[in-house]
Amino acid sequence: MAATKRVTVTTLQKMKEQNEPIAMVTAYDAPSAAVAEAGGADVLLVGDSLGMVVLGYDSTVPVTMEEMTHHTKAVSRKSQRALVVTDLPFLTAHLQKDEVLKAAARLLQEGGAQAVKVEGAHAVLSGIEACVAAGIPVMGHIGLTPQSVHQLGGYRIQGKDSETAQRLLEEAQTLEAAGVFALVLECVPEELAQRISQELTIPTIGIGAGRGCDGQVLVYHDLLGYGSGGRVPSFVKTYASIGEAARQGVHSFVEEVKSGRFPTEEHVFRLDPAVMEGLYGGRTSDGSDL
Ligand SMILES: Nc1nc(=O)c2c([nH]1)NC[C@@H]1CN(c3ccc(C(=O)N[C@@H](CCC(=O)O)C(=O)O)cc3)CN21
Ligand SMILES: CC(C)C(=O)C(=O)O
Ligand SMILES: [Mg+2]
(Lines give C-alpha, C1' and ligand atoms only; values in the text may rest on other atoms or scores of the structure.)
(Ligands and ions follow the chains in the order given, each with its own letter.)
Protein backbone atom coordinates (compact mmCIF):
# COMPACT_ATOMS: atom_id res chain seq x y z
CA MET A 1 0.00 0.00 0.00
CA ALA A 2 1.34 3.41 -0.92
CA ALA A 3 2.12 5.48 2.15
CA THR A 4 -0.04 8.60 2.36
CA LYS A 5 2.08 11.72 2.36
CA ARG A 6 1.84 13.73 5.54
CA VAL A 7 0.57 17.29 5.58
CA THR A 8 3.47 19.62 6.40
CA VAL A 9 3.87 23.30 7.17
CA THR A 10 4.68 23.74 3.46
CA THR A 11 1.40 22.07 2.49
CA LEU A 12 -0.49 24.60 4.63
CA GLN A 13 1.40 27.52 3.07
CA LYS A 14 0.50 26.23 -0.43
CA MET A 15 -3.13 25.82 0.64
CA LYS A 16 -3.26 29.50 1.57
CA GLU A 17 -1.66 30.48 -1.75
CA GLN A 18 -4.21 28.37 -3.66
CA ASN A 19 -7.14 29.60 -1.59
CA GLU A 20 -7.85 26.10 -0.31
CA PRO A 21 -9.34 26.29 3.20
CA ILE A 22 -7.48 24.46 5.99
CA ALA A 23 -9.50 22.28 8.39
CA MET A 24 -8.04 21.73 11.87
CA VAL A 25 -9.72 19.64 14.56
CA THR A 26 -8.60 18.99 18.12
CA ALA A 27 -7.71 15.39 19.02
CA TYR A 28 -6.87 14.22 22.51
CA ASP A 29 -6.50 10.45 22.22
CA ALA A 30 -6.18 7.58 19.74
CA PRO A 31 -9.88 7.25 18.83
CA SER A 32 -10.41 10.98 18.28
CA ALA A 33 -7.22 11.13 16.17
CA ALA A 34 -8.40 8.18 14.05
CA VAL A 35 -11.87 9.69 13.53
CA ALA A 36 -10.56 13.20 12.80
CA GLU A 37 -8.10 11.82 10.22
CA ALA A 38 -10.68 9.56 8.62
CA GLY A 39 -12.91 12.64 8.40
CA GLY A 40 -10.19 14.39 6.42
CA ALA A 41 -8.79 16.93 8.89
CA ASP A 42 -5.55 18.51 7.62
CA VAL A 43 -4.25 19.34 11.10
CA LEU A 44 -4.82 17.57 14.43
CA LEU A 45 -4.41 19.95 17.34
CA VAL A 46 -3.64 18.36 20.68
CA GLY A 47 -5.12 21.41 22.37
CA ASP A 48 -4.71 22.17 26.05
CA SER A 49 -8.52 22.44 25.94
CA LEU A 50 -8.17 18.71 26.70
CA GLY A 51 -7.83 19.85 30.32
CA MET A 52 -11.41 21.11 30.25
CA VAL A 53 -12.91 18.69 27.73
CA VAL A 54 -11.48 15.35 28.86
CA LEU A 55 -9.76 15.93 32.23
CA GLY A 56 -12.47 17.95 33.97
CA TYR A 57 -10.49 21.07 34.94
CA ASP A 58 -12.44 24.33 34.81
CA SER A 59 -9.80 26.12 32.73
CA THR A 60 -6.67 25.24 30.71
CA VAL A 61 -4.40 26.76 33.38
CA PRO A 62 -3.81 23.52 35.41
CA VAL A 63 -2.72 21.48 32.36
CA THR A 64 0.87 20.18 32.65
CA MET A 65 3.64 19.15 30.24
CA GLU A 66 3.18 15.55 31.46
CA GLU A 67 -0.48 15.64 30.43
CA MET A 68 0.24 17.27 27.05
CA THR A 69 2.98 14.72 26.34
CA HIS A 70 0.79 11.77 27.38
CA HIS A 71 -2.10 12.84 25.11
CA THR A 72 0.21 13.79 22.22
CA LYS A 73 1.68 10.26 22.27
CA ALA A 74 -1.79 8.75 21.92
CA VAL A 75 -2.70 11.07 19.02
CA SER A 76 0.56 10.64 17.11
CA ARG A 77 0.38 6.82 17.38
CA LYS A 78 -2.83 6.90 15.33
CA SER A 79 -2.06 9.79 13.00
CA GLN A 80 -0.58 9.08 9.57
CA ARG A 81 -1.58 11.94 7.31
CA ALA A 82 -2.47 15.02 9.34
CA LEU A 83 0.02 17.49 10.76
CA VAL A 84 0.06 16.99 14.54
CA VAL A 85 0.40 20.23 16.53
CA THR A 86 0.49 20.35 20.35
CA ASP A 87 -0.17 23.29 22.64
CA LEU A 88 2.63 24.36 24.96
CA PRO A 89 0.77 24.44 28.31
CA PHE A 90 0.41 27.42 30.67
CA LEU A 91 3.59 29.37 31.48
CA THR A 92 5.90 27.09 29.48
CA ALA A 93 6.59 29.56 26.65
CA HIS A 94 7.45 32.27 29.22
CA LEU A 95 10.35 30.31 30.73
CA GLN A 96 14.03 30.76 29.86
CA LYS A 97 14.83 29.98 26.23
CA ASP A 98 16.48 26.64 26.99
CA GLU A 99 13.46 25.54 29.07
CA VAL A 100 11.08 26.47 26.22
CA LEU A 101 13.28 24.54 23.80
CA LYS A 102 13.35 21.48 26.09
CA ALA A 103 9.57 21.50 26.45
CA ALA A 104 8.93 21.91 22.72
CA ALA A 105 11.51 19.24 21.90
CA ARG A 106 9.84 16.85 24.35
CA LEU A 107 6.49 17.22 22.57
CA LEU A 108 8.20 16.38 19.26
CA GLN A 109 10.63 13.68 20.40
CA GLU A 110 8.61 11.89 23.08
CA GLY A 111 5.14 12.99 22.00
CA GLY A 112 5.59 12.55 18.26
CA ALA A 113 4.09 15.95 17.30
CA GLN A 114 5.42 17.83 14.27
CA ALA A 115 4.86 21.34 15.65
CA VAL A 116 3.92 23.27 18.79
CA LYS A 117 1.42 26.09 19.35
CA VAL A 118 2.12 29.03 21.64
CA GLU A 119 -0.39 31.55 23.01
CA GLY A 120 0.65 35.20 22.98
CA ALA A 121 3.03 37.51 21.15
CA HIS A 122 5.65 39.88 22.59
CA ALA A 123 5.98 38.16 25.98
CA VAL A 124 6.75 34.81 24.33
CA LEU A 125 8.70 36.02 21.32
CA SER A 126 12.19 34.92 22.42
CA GLY A 127 10.92 31.40 23.12
CA ILE A 128 9.21 31.24 19.73
CA GLU A 129 12.35 32.48 17.97
CA ALA A 130 14.49 29.93 19.78
CA CYS A 131 12.19 27.11 18.65
CA VAL A 132 12.12 28.31 15.04
CA ALA A 133 15.92 28.62 15.05
CA ALA A 134 16.13 25.04 16.34
CA GLY A 135 13.91 23.71 13.54
CA ILE A 136 10.76 23.35 15.61
CA PRO A 137 7.75 24.70 13.69
CA VAL A 138 5.62 27.05 15.82
CA MET A 139 1.95 27.97 15.34
CA GLY A 140 0.95 31.27 16.95
CA HIS A 141 -2.32 31.98 18.78
CA ILE A 142 -3.70 35.46 19.52
CA GLY A 143 -7.04 37.10 20.32
CA LEU A 144 -8.77 35.17 23.08
CA THR A 145 -5.89 33.26 24.67
CA PRO A 146 -7.57 30.94 27.21
CA GLN A 147 -4.41 30.50 29.31
CA SER A 148 -4.85 34.20 30.26
CA VAL A 149 -8.50 33.77 31.25
CA HIS A 150 -7.87 35.07 34.78
CA GLN A 151 -6.33 38.25 33.36
CA LEU A 152 -8.91 38.67 30.58
CA GLY A 153 -11.72 38.23 33.09
CA GLY A 154 -13.54 35.55 31.11
CA TYR A 155 -13.79 34.06 27.63
CA ARG A 156 -14.63 37.27 25.78
CA ILE A 157 -14.30 38.47 22.22
CA GLN A 158 -11.05 40.45 21.73
CA GLY A 159 -10.12 43.39 19.49
CA LYS A 160 -13.44 45.22 19.43
CA ASP A 161 -12.07 48.76 19.81
CA SER A 162 -9.54 50.51 17.59
CA GLU A 163 -6.74 50.24 20.15
CA THR A 164 -7.03 46.49 20.74
CA ALA A 165 -7.75 45.78 17.06
CA GLN A 166 -4.56 47.66 16.10
CA ARG A 167 -2.62 45.75 18.79
CA LEU A 168 -3.81 42.40 17.43
CA LEU A 169 -2.79 43.33 13.88
CA GLU A 170 0.67 44.29 15.17
CA GLU A 171 0.97 41.08 17.18
CA ALA A 172 0.12 39.08 14.06
CA GLN A 173 2.82 40.85 12.05
CA THR A 174 5.37 40.42 14.86
CA LEU A 175 4.64 36.69 15.01
CA GLU A 176 4.93 36.28 11.25
CA ALA A 177 8.29 38.09 11.38
CA ALA A 178 9.38 35.75 14.20
CA GLY A 179 8.81 32.81 11.87
CA VAL A 180 5.54 31.17 12.98
CA PHE A 181 4.16 29.00 10.15
CA ALA A 182 0.47 29.70 10.89
CA LEU A 183 -1.60 31.74 13.32
CA VAL A 184 -4.75 30.90 15.28
CA LEU A 185 -7.15 33.83 15.68
CA GLU A 186 -9.59 33.11 18.49
CA CYS A 187 -12.75 35.11 19.17
CA VAL A 188 -12.09 38.27 17.19
CA PRO A 189 -14.49 40.20 14.94
CA GLU A 190 -14.72 38.87 11.39
CA GLU A 191 -13.56 42.13 9.79
CA LEU A 192 -10.38 42.21 11.90
CA ALA A 193 -9.57 38.53 11.26
CA GLN A 194 -10.08 39.09 7.53
CA ARG A 195 -7.77 42.11 7.56
CA ILE A 196 -5.06 40.19 9.47
CA SER A 197 -5.42 37.24 7.06
CA GLN A 198 -4.92 39.57 4.07
CA GLU A 199 -1.92 41.30 5.66
CA LEU A 200 -0.12 38.06 6.48
CA THR A 201 1.66 35.68 4.11
CA ILE A 202 1.24 32.74 6.52
CA PRO A 203 -2.16 31.05 6.91
CA THR A 204 -4.56 32.10 9.67
CA ILE A 205 -6.83 29.55 11.32
CA GLY A 206 -9.91 30.97 12.98
CA ILE A 207 -12.11 29.89 15.87
CA GLY A 208 -14.92 32.35 16.38
CA ALA A 209 -13.08 34.64 13.94
CA GLY A 210 -15.42 34.53 10.94
CA ARG A 211 -15.15 33.70 7.27
CA GLY A 212 -12.06 35.66 6.25
CA CYS A 213 -9.50 33.26 7.76
CA ASP A 214 -7.48 30.76 5.71
CA GLY A 215 -8.73 27.88 7.84
CA GLN A 216 -11.05 26.97 10.69
CA VAL A 217 -10.62 24.98 13.89
CA LEU A 218 -13.16 23.57 16.32
CA VAL A 219 -12.90 21.36 19.36
CA TYR A 220 -13.69 17.73 18.39
CA HIS A 221 -16.24 17.22 21.16
CA ASP A 222 -17.98 20.52 20.34
CA LEU A 223 -18.45 19.80 16.62
CA LEU A 224 -19.62 16.26 17.35
CA GLY A 225 -22.14 17.32 19.97
CA TYR A 226 -20.78 15.41 22.97
CA GLY A 227 -22.67 17.84 25.15
CA SER A 228 -20.92 16.78 28.37
CA GLY A 229 -18.90 19.83 29.40
CA GLY A 230 -21.71 22.37 29.79
CA ARG A 231 -22.45 25.27 27.42
CA VAL A 232 -20.67 25.39 24.07
CA PRO A 233 -19.45 28.76 22.73
CA SER A 234 -21.80 30.48 20.23
CA PHE A 235 -19.27 30.13 17.35
CA VAL A 236 -19.56 26.33 17.48
CA LYS A 237 -21.57 24.49 14.84
CA THR A 238 -22.63 21.00 15.90
CA TYR A 239 -22.46 18.41 13.09
CA ALA A 240 -23.54 15.29 15.01
CA SER A 241 -25.25 14.32 18.27
CA ILE A 242 -22.70 11.90 19.65
CA GLY A 243 -23.49 12.68 23.30
CA GLU A 244 -27.14 11.74 22.86
CA ALA A 245 -26.29 8.63 20.83
CA ALA A 246 -23.81 7.57 23.53
CA ARG A 247 -26.30 8.09 26.37
CA GLN A 248 -28.93 6.10 24.48
CA GLY A 249 -26.45 3.29 23.84
CA VAL A 250 -25.44 3.02 27.49
CA HIS A 251 -29.08 3.21 28.58
CA SER A 252 -30.00 0.31 26.26
CA PHE A 253 -27.15 -1.80 27.66
CA VAL A 254 -28.15 -1.08 31.25
CA GLU A 255 -31.81 -1.89 30.50
CA GLU A 256 -30.91 -5.19 28.83
CA VAL A 257 -28.58 -6.23 31.67
CA LYS A 258 -31.20 -5.43 34.29
CA SER A 259 -34.00 -7.18 32.37
CA GLY A 260 -31.84 -10.22 31.53
CA ARG A 261 -32.01 -9.64 27.77
CA PHE A 262 -28.22 -9.36 27.49
CA PRO A 263 -26.22 -11.49 26.89
CA THR A 264 -27.97 -13.89 24.48
CA GLU A 265 -26.83 -17.04 22.67
CA GLU A 266 -24.74 -15.11 20.15
CA HIS A 267 -22.59 -13.47 22.84
CA VAL A 268 -21.60 -16.56 24.89
CA PHE A 269 -18.87 -19.19 24.61
CA ARG A 270 -19.97 -22.84 24.90
CA LEU A 271 -18.14 -25.81 26.39
CA ASP A 272 -17.81 -29.08 24.44
CA PRO A 273 -20.39 -31.55 25.96
CA ALA A 274 -17.63 -34.20 26.38
CA VAL A 275 -15.59 -31.79 28.50
CA MET A 276 -18.72 -30.81 30.36
CA GLU A 277 -19.34 -34.53 31.11
CA GLY A 278 -15.96 -34.73 32.83
CA LEU A 279 -16.73 -31.85 35.13
CA TYR A 280 -18.57 -33.04 38.26
CA GLY A 281 -20.13 -35.79 36.15
CA GLY A 282 -21.99 -33.26 34.03
CA ARG A 283 -23.36 -31.41 37.03
CA THR A 284 -22.51 -28.01 38.40
CA SER A 285 -20.47 -27.82 41.62
CA ASP A 286 -23.61 -27.54 43.76
CA GLY A 287 -24.95 -30.77 42.24
CA SER A 288 -27.68 -29.32 40.06
CA ASP A 289 -28.01 -30.12 36.35
CA LEU A 290 -26.59 -27.45 34.10
N1 LIG B 1 -15.17 22.70 24.68
C2 LIG B 1 -14.35 23.73 24.49
N3 LIG B 1 -14.41 24.42 23.33
C4 LIG B 1 -13.59 25.48 23.11
O5 LIG B 1 -13.66 26.08 22.01
C6 LIG B 1 -12.66 25.85 24.13
C7 LIG B 1 -12.64 25.08 25.32
N8 LIG B 1 -13.50 24.06 25.47
N9 LIG B 1 -11.75 25.36 26.32
C10 LIG B 1 -10.68 26.28 26.07
C11 LIG B 1 -11.14 27.40 25.26
C12 LIG B 1 -12.17 28.26 25.94
N13 LIG B 1 -12.90 28.74 24.81
C14 LIG B 1 -14.03 29.53 24.89
C15 LIG B 1 -14.97 29.34 25.87
C16 LIG B 1 -16.11 30.10 25.93
C17 LIG B 1 -16.32 31.10 24.98
C18 LIG B 1 -17.55 31.92 25.06
O19 LIG B 1 -18.44 31.62 25.78
N20 LIG B 1 -17.60 32.99 24.27
C21 LIG B 1 -18.77 33.82 24.15
C22 LIG B 1 -18.38 35.18 23.65
C23 LIG B 1 -18.67 36.21 24.71
C24 LIG B 1 -18.52 37.61 24.17
O25 LIG B 1 -19.48 38.05 23.54
O26 LIG B 1 -17.49 38.22 24.37
C27 LIG B 1 -19.73 33.18 23.14
O28 LIG B 1 -20.90 33.54 23.20
O29 LIG B 1 -19.30 32.36 22.33
C30 LIG B 1 -15.36 31.30 24.00
C31 LIG B 1 -14.23 30.51 23.95
C32 LIG B 1 -12.42 28.18 23.58
N33 LIG B 1 -11.80 26.95 24.02
C1 LIG C 1 -9.31 25.91 20.48
C2 LIG C 1 -7.89 25.71 20.07
C3 LIG C 1 -7.38 26.79 19.17
C4 LIG C 1 -6.98 25.48 21.25
O5 LIG C 1 -6.06 26.17 21.52
C6 LIG C 1 -7.27 24.30 22.09
O7 LIG C 1 -8.11 23.45 21.73
O8 LIG C 1 -6.64 24.19 23.15
MG1 LIG D 1 -5.24 25.77 23.48
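Residues numbered from 1 in each chain as written. Chains lettered and ligands numbered in written order. Predicted model: local features only at pLDDT ≥ 70, side-chain atom pairs only at ≥ 80, totals over all residues. Heavy atoms only, no water.

Okay, the UniProt feature "active site" (unreviewed entry) in the protein chain next. UniProt's feature table lists "active site" (unreviewed entry) at Glu186, given in the numbering used throughout. Tracing the chain through its elements places Glu186 in strand β6 (residues 182–186). Excluding residues within four positions of it along the chain, Glu186 makes contact with His141, Ile142, Gly143, Leu144, Pro146 and Ile207. (UniProt positions renumbered as here; feature names shortened; annotations may be inferred. Helix = DSSP H or I, 4+ residues; strand = E, 2+ residues; numbered from the N terminus. Contact = heavy atoms within 4.5 Å.)

Turning next to the packing of helix α4 (residues 65–78) against helix α5 (residues 97–109). At a minimum axis distance of 9 Å, the contact between α4 and α5 shows a crossing angle of 25°. Classified by the angle between their axes, α4 and α5 sit roughly parallel to one another. By crossing handedness, the relation of α4 to α5 is classed as right-handed. Contact residues: Met65, Glu66, Met68, Thr69 and Thr72 in α4; Ala103, Arg106 and Leu107 in α5. Grouping the amino acids of the contact of α4 with α5 by side-chain chemistry returns four nonpolar, two polar and two charged. (Axes fitted to C-alpha atoms, helices over the stretch in contact; angles between N-to-C directions. Parallel < 35°, antiparallel > 145°, perpendicular 65-115°, else oblique. Left-handed = near helix turned anticlockwise from the far one by under 90°. Nonpolar A, V, L, I, M, F, W, Y, C, P; charged D, E, K, R; others polar.)

Next up on the list: the site of ligand 1. The full set close to ligand 1 counts 18 residues, and Ile157, Glu186, Asp222, Arg231 and Ser234 are the nearest of them. Contacts to ligand 1 include Ile157, whose backbone N or O atom sits 2.8 Å from an oxygen atom. Look at ligand 1: alone it shows 660 Å² of surface, and the protein chains cover 76% of it. Grouping the constituent residues of the shell around ligand 1 by class yields eleven nonpolar, three polar and four charged. (Near = heavy atom within 4 Å. Polar contact = N/O pair within 3.5 Å; in protein donor to acceptor, adjacent residues only side chain to side chain. Areas by Shrake-Rupley, 256 points an atom, 1.4 Å probe, with all protein chains shown as cover.)

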